[in-house]
Amino acid sequence: MITFAEVVLEGLGRGSVYALIAIGFVIIFKSSQVISFAQPGFMIAGVVLITYLVQVPFLSFWPALALGAVLIALLALGIERAVIRPMVGRPIFAIAIITIALDIIIRTIAHGFIGANVRHVADPWGRSRVSFGPVSMEQRHLAAVLTATVLVVLLLAFFRFTRIGLAMRAVAQDQEVALAQGVSVGAVFAISWGLAGGLAAVAGGFAASGASVDNTFWLIALYALPVIILGGLDSLEGAVLAGLIIGVAQSIFARFPDLLSWLVENPSVIVPWLVMVLVLVLRPYGLFGTREVERV
Amino acid sequence: MALFNTRAKRNAVIVLVVVGLSMPLWLADDWLTILARGSAFAIGAIGLMLLTGYAGQISLGHAFFAAVGFYAAAVLGGDPDDPRRWGFGITEIVIWLPAAGLVAAAVGVVVAPLATRLRGLYLAIVTLGLVFVGEHFFEQWNTLTGGASSGRPPAPATLFGYRLDRDSDLVFVLGARELGPFTRQQQLFWLLTVLLVIFAVAARNLARSDIGRAFTAIRDRDLAAAMIGVNLFKQKTVAFAISSFYAGCFGALFYTTFLNVNPNQFDLLLSVLFLIMVLVGGVGTISGAIAGAFLIAVLPRFTQWLASVLPLISSDPQGIPNADHVRFLLYGLLIIGFLMFEPRGLFGIWFRIRTWFRSYPFSY
């Protein structure tokens, strides 16, 4: 029982990382109907940037994390303006392929900065644990959950109470009407890309805490795709909830692999994808997604 | 619509095929390997073109079906005395090549019911997941694939008892001239070129048949196609089956030019490469798929040449930046460049050139 509780807590920590990346996907999708496959690229770029920033003498983990997030947000802003904005009005399929290409480019450059060595983000926790009575969890996971909670609350407050948040909600509902009301749709696109890039960088920083960054680190970000399918492509709450669910599921199957070892060894690697297939068969629009109305 | 609707097209293709078949007589072996790999890529790219370019189903799962085809062929042609890996010792290409295609097509039919329910980017994400799940399975399945660390060799290519993937000592005497002996690169090049011609003609015939017309109807507006009587489920399944057949044949053929294959070859990058070939070549055309495939096949050679010419790029695999980095950057830039400036791809460029000449002097 204790073990199960600890596994769930660990899963919440992992899931917070996925949730942050997935929120980025959802924000971009809501504003521009594009699934940006560049999120893994922003995550690894953010992590690599943080690993270099922590080497600066007066920057420790938290300042480097914040600065890295801001810089990657600016990078995402620039990429959106340069590459995505000229493609407004083109088929969604073409823009999605362009984001795949952007992901390849960003990852190649980031991996060039990793080189053959592994890098570290100099987090203050490592693998140390904290106890709540009989149950203990790793401090890095607790930090991830708390940070993700704060960020999600700030985001929801931003969308609810600020003018820019209102503008973004308007564009998410109907781009043309928002444009007619005087909302700068281009600026909303830019802000959504910036937010997504920043969130991905923060997620990467926490994913790298207590671990090392090498050329295969970016695969962690791909699990955000099953998360957004499970949560619903246009639902922020769905992304958070689904991220936690997928994180917990992965942790359960990592700790108890015998549940699925008749199918394959190390099932926790593919459990998110299997969950995604299950969701698509049973409830194609995810937990909280809105049904698409198809017109001829 | 005829197979070649103008005499110029027919003559040009005949000239291309004749020149292509004569290449082993005057090209160096390393170029023959590159072009043979290009032909194999072209077979795979034609398959993805039928699925994505004609039927409009975005699939990032081509690498998975290529893996299925490769392992079907490798198991059929594998060494039966090897205790670590499955093998049946059937090295005859007339058997393992169609078998590889059919096994991959069968897997495509199994995947189709889920894929036909999804549209657009949902399908892309699911097929992306298929690649990762497949990669994981193949890495763990040691008796099939040899495991992630050692892999397994491809099926030996034997045509009616004659080994194509070994240098031969046959010599053909034509009057006073002697042809041969032929190296394995020359023989494999001929094999792959002939197969490419067969597969390409088959695909073009498919595209101009009722199935091909159904595909383009589904791509343009699938709901409207369903309303005029196109059976969406059946045609999408047919599209998946045929494209998986082509992918399986690609998997079986491409790796005959390699000595050993690890299961992590069949990763997302391979799927994206096929997507590049389809998009850069020109969506909705068979010749575009072939052009895109040869471009991608020649690109590694090009970046190696760049590394030798430009001092900034090191040829050492550990250097930063090296030829591989440049190659990946080129992949990304090719997609972005073509999608932004020439969405119809290389075929679109050719179309502009041809139209300019055809409508001269009114080319404006």
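Residues numbered from 1 in each chain as written. Chains lettered and ligands numbered in written order. Predicted model: local features only at pLDDT ≥ 70, side-chain atom pairs only at ≥ 80, totals over all residues.

**Some thoughts on the overall build of chain B**
Piece 1. Across its full length, chain B carries 15 helices and four strands.
Piece 2. Reported as C-alpha extents along the three principal axes, the dimensions of chain B are approximately 55 × 50 × 50 Å.
Piece 3. Classification of the 364 residues of chain B by burial places 48% in the buried group.
Piece 4. The long-range share in chain B, meaning contacts at least 24 apart out of those at least 6 apart in sequence, stands at 72%. (Helix = DSSP H or I, 4+ residues; strand = E, 2+ residues; numbered from the N terminus. Buried ≥ 20, exposed ≤ 12 C-beta atoms within 10 Å, placed from the backbone. Contact = placed C-beta atoms within 7 Å.)

**Considerations on the pairing of strand 1 (residues 129-132) of chain A**
Residues and elements named next belong to chain A.
Piece 1. Pairing of strand 1 with strand 2 (residues 135-138) involves four bridges; the strand directions are antiparallel. Paired with Val-130 across the two strands is Met-137, which belongs to strand 2.
Piece 2. Connecting strand 1 to the antiparallel partner strand 2 that follows it, the hairpin turn spans two residues, and Gly-133 within it adopts a positive phi of roughly 70°. (Pairing = 2+ DSSP bridges.)

**Regarding the packing of helix 9 (residues 210-220) of chain B against helix 11 (residues 232-254) of chain B**
Residues and elements named next belong to chain B.
Piece 1. One can describe the packing of helix 9 onto helix 11 by two numbers: an axis separation of 10 Å at closest approach and a directional angle of 105°. The pairing of helix 9 with helix 11 is recorded here as roughly perpendicular in orientation. Where helix 9 approaches helix 11, its residues Ile-211, Ala-214, Phe-215 and Ile-218 are matched on the opposing element by Leu-232, Gln-235, Lys-236, Val-238 and Ala-239.
Piece 2. Considering only residue class, the contact of helix 9 with helix 11 consists of seven nonpolar, one polar and one charged. (Axes fitted to C-alpha atoms, helices over the stretch in contact; angles between N-to-C directions. Parallel < 35°, antiparallel > 145°, perpendicular 65-115°, else oblique. Nonpolar A, V, L, I, M, F, W, Y, C, P; charged D, E, K, R; others polar.)

**Considerations on the interface of chain A and chain B**
Piece 1. Counting from both sides, the interface comprises 34 residues of chain A and, opposite them, 36 residues of chain B.
Piece 2. Counting only elements with at least two residues in the side of chain A that touches chain B, the list comes to helix 4 (92-114), helix 10 (224-231) and helix 12 (271-282) of chain A.
Piece 3. Counting residues per element, the side of chain A that touches chain B draws most heavily on helix 4 of chain A, at 13 residues.
Piece 4. Of the residues assigned to the side of chain A that touches chain B, the class counts are 29 nonpolar, three polar and two charged.

**A closer look at the nonpolar core**
Piece 1. Residues A:Ile21, A:Ala22 and B:Ile46 are the most contacted members of the largest nonpolar core, which totals 224 residues.
Piece 2. The dominant element in this core, judged by the number of residues it contributes, is helix 2 (residues 29-54) of chain B, at 15 residues.
Piece 3. The residues contacting A:Ala22, other than those within four sequence positions of it, are A:Ala224, A:Val227, A:Ile228, A:Gly231, A:Ala239, A:Ala242 and A:Gly243. (Core = buried A, V, L, I, M, F, W, Y, C linked by C-beta atoms within 7 Å.)

**Points about helix 3 (residues 61-84) of chain A**
Residue and element names in this part refer to chain A.
Piece 1. The end-to-end C-alpha distance of helix 3 is 32 Å, a good match for the 34 Å that 24 residues give at a rise of 1.5 Å each.
Piece 2. Of all the residues in helix 3, the buried ones are Ala-64, Leu-65, Gly-68, Ala-69, Ile-72, Ala-73, Leu-75, Ala-76, Ile-79, Glu-80 and Ile-84.
Piece 3. Looking at the buried positions of helix 3, the neighbouring elements they touch are helix 2 (39-53), helix 4 and helix 8 (185-207). (Expected span 1.5 Å × (residues − 1).)

**What about the confidence of the model for chain B?**
Low-pLDDT stretches of the model should not have their predicted coordinates read in fine detail.
Piece 1. The predicted model of chain B has a mean per-residue pLDDT of 91, with 100% of residues at 70 or higher.
Piece 2. Listed scores for the predicted complex are pTM 0.93 and ipTM 0.91. (pLDDT = per-residue confidence, 0-100.)

**Digging into the environment of A:Ile92**
Piece 1. With respect to the secondary-structure elements, A:Ile92 resides in helix 4.
Piece 2. Considering only alpha carbons, one finds A:Ile92 and A:Gln33, 59 residues apart in sequence, at a separation of 7.4 Å.
Piece 3. Dropping the residues within four chain positions of it, A:Ile92 is found in contact with A:Gln33, A:Val34, B:Gly120 and B:Leu121.

**Focus on the environment of A:Val271**
Residues and elements named next belong to chain A.
Piece 1. Its place among the elements puts Val-271 in helix 12.
Piece 2. Look at Val-271 and you get buried, because 23 C-beta atoms sit within 10 Å.
Piece 3. Sequence separation of Val-271 and Phe-253 is 18 residues, and the distance between their C-alpha atoms is 7.6 Å.
Piece 4. Setting aside anything within four residues of it in sequence, one finds Val-271 in contact with Ala-249, Gln-250 and Phe-253.

**Notes on unusual backbone geometry**
Piece 1. Here B:Tyr360 and B:Pro361 are connected by a cis peptide whose omega angle stands at 0°.
Piece 2. With respect to the secondary-structure elements, B:Pro361 resides in the segment after helix 15 (345-358).
Piece 3. The residue A:Gln33 is not glycine, and still its phi comes out positive at about 60°.
Piece 4. Of note, A:Gln33 is situated in the loop between helix 1 (2-32) and helix 2.
Piece 5. Take A:Gln33: there are 15 C-beta atoms within 10 Å of it, and that puts it in the partly exposed class.
Piece 6. Even without being a glycine, A:Asn266 presents a positive backbone phi close to 50°.

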